[in-house]
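One letter stands for each residue in the lines below.
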Amino acid sequence: MLHRCITAFVGLCLCAGPVSAQKLDSLLARMTLDEKLGQLNLLSAAGENGRASNDQIALARAGKLGGLFNVIGAENTAQVQRVAVTESRLKIPLLFGLDVIHGYRTTFPIPLGEAASFDPEAAQATARAAGLEAAAAGISWTYAPMVDIARDPRWGRIAEGSGEDPYLGSLLAAARVRGFQENIFATVKHFAGYGAAEAGREYNETEISERTMREIYLPPFKAAVDAGVASLMSAFNDNAGVPSSGNAWLTDTVLRREWRFKGFVVSDWTSVAELIPHGVAGGPSEAGRRALTAGVDMDMQSSIYMDSLPALVRSGRIPMAVVDSAVMRILRAKQRLGLFKDPYRPRTAPAMDSTRALARRVAGESIVLLKNDGSTLPLDKNTSAIAVIGPLADNKPEPLGPWHTMGQPEDVVTVLAGIKAKVPATTQVMYAQGSGVEDTSTAGFAEAVAAAKQAKVAILVLGERGEMSGEAASRSMIGLPGVQEQLLEAVAATGTPVVLVLMNGRPLTIEWAAEHVPAIVETWFLGVEAGNATADVLFGDVNPSGRLPVTFPRSLGQIPIYYNHRNTGRPFGANNKFSSKYLDIPNTPRYPFGYGLSYTTFGYRDVKVTNPRIRATDTLVVSVTLTNTGSREGTEVAQLYVRDEVASVARPVRELKAFQRVTLKPNESRTLTLRVAAQDLGFYGLNMKRVVEPGAFRVYVGPSSAEGQEARFEVVR
Ligand code: BGC
């Protein structure tokens, strides 16, 4: 029901709620200024054990609260909702928000990991399940999906998004919005450009041109709006001096006028108050005025709208019409969610068996095989002795990742447990922790080396703690932390073949491993089924199909590095000193966007453009024959990139425009048809208007952003 309603939200809500538009108007007409500003007031639960505090309950009773977040559990949300709908003068229900980022209790892979699946249907399914679990706990509104494009792995929040590509990011944004909104409202965040934090330092300023903003950073937000997202969250960053939580160009011109967004905008945590340290407001009233008039409807946690705006409205410095518009957006959202009719929204959580099965499947799809020399993987389940080593090998909390809401370590299957469950009793599995994640003690090395010496293969599970990525988790060095690399080198020196299983929330620089370790598997933070999904891949029950949603640099000095860069006037030339390059490292990344291996191999042939001369209103049709040339069934992610050869504005060397996940049996071939609307070849021209310019294009179809068969086409007038 909610889903139908939300899908239609961009136009008209189909839900015949008990409160009609006229009734909302008359409700507004009856509200005092305090009650109006109360609807714009959002606070984090300040009571014990996930409850609202007494002060907050009093605010609800006085009609001075629009919603609460971080109230945990259906009983606690019902307690305060009851006060709002039975004891307040106007009986307006509250919204209950929570950061349900990649699962509520059942923790799924972090969004960056899930993005590696290149599977929007999977992302929709996990969001749906997370939304239902959250709804059963009284939650009506999540602060997800985070859709910030990120090109800098030093920035810890790269873990929460879909990586560097606006096309993949847009598909996943829309899918997650649809998934969440089957049960609760979604919030697409952080509007906008927050992922471009300079030097990867959290909360730092950004300097994004309007063209790059529109072409790279905004598309996933637009996709979410088109999918009917209920709310947007304004970001912490300032772009070129204009903080996002007081940026009328973003929250009014683009969002409401161009995109016709009908939902509401919530600030990030105290980001209204932060207009003061940003230096664009001299005090709370000015900060509140600036944010509200820019189009930020709801004030998260600053209490500035509630406390400081009444005087400004009374004196006419803020027109009542501005307040009324914001209030109506909140009331309409509550109506659309059905809260007036059903303020408690009782729901039943899905059975954990089914969510765990989904978690295992999606975790398996999220794993990326980075290297597999000499077919080291998959391992034989009957290997006589296996050493499982590393600080993350038998670790329950860390696979939950940086933002696991109600995820519990006790629910996690560790990699060691997953491996033990996979192999027969005759296989000896030896475990040694070896080191901590960050500490510098090498005292455990000897035990690890001894285990490796006795084993036929050593599996090292290394990486980051969950909280080393996510919010406020920027790193200046992105190698393996602590002494883990030394541990890896010490184990590799035994001569026992090594499989490196990475667990982390960002691309890491792993040059030594990439050169010396035969097999490397990227597992991100996979959630509760981390161990089972990893073992599924290590032993070949699942053939890896994940592809990198973000570039892995060779070294820190290459950052920012991303596949859809422009060519420059002096592109790399091996024999040309005066070309764009470094003296000490190649330009190329260690692993490019879109890259990932399989236990089988795929061949691409006969890339053909069916209609090599298209008009701006046409759809480009490209066919390619894909063959599984190896000996196992496997899934390939066939990727289509374009390059606009000559345009009025320099275009990226490649842009992803389509992809298909295709499963083929050994020797099976299939001719795929990939389509790109010519409109999607457009860009923002010299006058900053979107244009599809006539001219020659190249199209590449292949297994990553760095490979592919080429064909040509032309856009004609
Ligand atoms: C984060 C948001 C989050 C909010 C509420 C902020 O610190 O930036 O992403 O939704 O807190 O928890």
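Here is what the cut-offs are and how they apply
Residues numbered from 1 in each chain as written. Predicted model: local features only at pLDDT ≥ 70, side-chain atom pairs only at ≥ 80, totals over all residues. Heavy atoms only, no water. Helix = DSSP H or I, 4+ residues; strand = E, 2+ residues; numbered from the N terminus. Rg over C-alpha atoms; globule rule 2.2 N^0.38 Å. Buried < 20%, exposed > 50% of the residue type's maximum accessible area, 1.4 Å probe, protein only. Contact = heavy atoms within 4.5 Å. Axes fitted to C-alpha atoms, helices over the stretch in contact; angles between N-to-C directions. Parallel < 35°, antiparallel > 145°, perpendicular 65-115°, else oblique. Left-handed = near helix turned anticlockwise from the far one by under 90°. 1 Å grid on protein atoms, 1.4 Å probe; cavity = no way out; pocket = protein on both sides within 12 Å on 5 of 7 lines; lining within 4 Å. Points joined across faces, edges and corners; volume = space filled by probe spheres on them. Nonpolar A, V, L, I, M, F, W, Y, C, P; charged D, E, K, R; others polar. Pairing = 2+ DSSP bridges. Near = heavy atom within 4 Å. Polar contact = N/O pair within 3.5 Å; in protein donor to acceptor, adjacent residues only side chain to side chain. Areas by Shrake-Rupley, 256 points an atom, 1.4 Å probe, with all protein chains shown as cover. pLDDT = per-residue confidence, 0-100. Domains from an automatic or database assignment. Buried area = accessible area lost by both parts, 1.4 Å probe. Salt bridge = Lys/Arg side-chain N within 4 Å of Asp/Glu carboxyl O.

A. Inspection of the overall build of the protein chain at higher detail. Each helix and strand counted, the protein chain has 21 helices and 26 strands in total. For the protein chain, the C-alpha radius of gyration of 26 Å lies close to 27 Å, the compact-globule estimate for 717 residues. Per-residue burial over the protein chain gives 62% buried out of 717 residues. The long-range share in the protein chain, meaning contacts at least 24 apart out of those at least 6 apart in sequence, stands at 79%.

B. Representation of the packing of helix 7 (residues 120-136) against helix 8 (residues 166-180). At a closest axis distance of 7 Å, the pairing of helix 7 and helix 8 adopts a crossing angle of 30°. Classified by the angle their axes make, helix 7 and helix 8 are roughly parallel. Where helix 7 crosses over helix 8, the two elements pack in a sense that is right-handed. Counted together, P120, A123, Q124, A127, R128, A130 and G131 of helix 7 and L171, L172, A175, R176, R178, G179 and F180 of helix 8 form the full contact between these two elements.

C. Seen up close, empty space enclosed by the protein. Inspection of the entire model under this criterion finds three cavities of 30 Å³ or more. Taken as a whole, the largest cavity spans an internal volume of roughly 120 Å³. Forming the walls of the largest cavity are 18 residues, and the residues nearest its centre are I101, H102, E114, R176 and F180. Elements supplying a minimum of two residues to the lining of the largest cavity: helix 6 (111-115), helix 7 and helix 8. With four residues, helix 7 is the single largest residue contributor to the lining of the largest cavity. Computed from the structure, the second largest cavity encloses a volume of approximately 90 Å³. In terms of lining, the second largest cavity is formed by 15 residues, of which the most central are Q39, A60, G63, S88 and I92. In terms of residue class, the lining of the second largest cavity is built from eight nonpolar, three polar and four charged.

D. Summary view of the sheet that holds strand 2 (residues 67-69). One open sheet accounts for five strands, arranged 4-3-2-1-10; its pairing is parallel. The sheet is open, and its two edges are formed by strand 4 (141-142) and strand 10 (299-300), each paired on a single side.

E. Structural detail: the environment of G295. Mapped onto the elements of the fold, G295 is located in the loop between helix 13 (284-294) and strand 10. On the accessibility criterion, G295 (7% relative accessible area) is buried. Here the alpha-carbon distance between G295 and V266, two residues 29 residues apart in the chain, equals 9.3 Å. Here G295 is in contact with T251, R256 and V265, once residues within four sequence places are set aside.

F. Looking closely at the site of the ligand. In the vicinity of the ligand there are 13 residues, among which D99, R157, K189, H190 and D268 approach most closely. The contact in question runs from an oxygen atom of the ligand to an N or O atom on the side chain of D99, over 2.5 Å. Its free accessible area being 310 Å², the ligand has 93% of it covered by the protein chains. Within the shell around the ligand, the residues separate by chemical class into seven nonpolar, one polar and five charged.

G. Structural detail: the pairing of strand 20 (residues 634-644). By the criterion of burial, strand 20 is predominantly enclosed, with eleven of the eleven residues buried. In terms of strand pairing, strand 20 meets strand 21 (residues 655-664) through nine bridges, oriented antiparallel. What sits directly across from Y641, in strand 21, is L656. Across six bridges, the pairing between strand 20 and strand 25 (residues 695-702) is antiparallel. Across the sheet, the residue bridging to R643 is R698, located in strand 25.

H. Just the sheet that holds strand 17 (residues 602-609), in detail. Spatial ordering of the open sheet is given by 17-19-22, a layout of three strands whose pairing is antiparallel. Edge strands, defined here as strands with exactly one partner in the open sheet, are strand 17 and strand 22 (669-677). Pairwise comparison of adjacent strand axes, ignoring direction, gives a mean angle of 25° for this sheet. As judged from the six bridges shared by strand 17 and strand 19 (residues 619-628), these two strands associate in the antiparallel manner. Bridge pairing links F602 to N628 in strand 19.

I. Structural view of the confidence of the model for the protein chain. With 97% of its residues at a pLDDT of 70 or more, the protein chain shows a mean pLDDT of 96. pLDDT under 50 marks residues 1-18. Its contacts with residues more than four places away, or in other chains, come to 34 contacts.

J. How the structure looks around the domain arrangement of the protein chain. Taken domain by domain, the protein chain holds domain 1 (362-558) and domain 2 (602-715). Facing seven residues of domain 1, the contacting portion of domain 2 comprises nine residues. Overall, the association of domain 1 and domain 2 removes approximately 580 Å² of surface from exposure, summing both partners, and the carbon and sulfur fraction of that is 35%. For the domain 1 face of the interface with domain 2, the top three residues by lost area are N543, S545 and R547, together amounting to 72%. Scanning the region where domain 1 abuts domain 2 turns up two salt bridges. In this structure, R661 and E365 form a salt bridge, with 3.8 Å as the shortest nitrogen-oxygen distance. Linking domain 1 to domain 2 there are five residue pairs in polar contact (both at pLDDT 80 or more).

K. View of the environment of E693. Looking at the secondary structure, you find E693 in the loop between strand 24 (690-691) and strand 25. Through-space distance from the C-alpha of E693 to that of E365 is 38 Å; in sequence the pair is 328 residues apart. Beyond its immediate chain neighbours, meaning those up to four positions away, E693 contacts A647, S648, F683 and V715. Here the side chain of E693 touches S648 through a polar contact of 2.3 Å, side chain to side chain.

L. How the structure looks around unusual backbone geometry. With an omega of -5°, the peptide bond between F191 and A192 qualifies as cis. When you line up the elements, A192 lands in the loop between strand 5 (187-191) and helix 9 (210-217). The omega torsion of the bond from I559 to P560 falls at 0°, within 30 degrees of zero and hence cis. In this structure, R260 takes a positive phi of about 60° despite not being glycine. Secondary-structure assignment places R260 in the loop between helix 11 (248-258) and strand 9 (264-267). Of note, A472 is a non-glycine position whose phi angle comes to about 55°, a positive value. On the basis of relative accessible area, A472 is assigned to the exposed category, the value being 55%.

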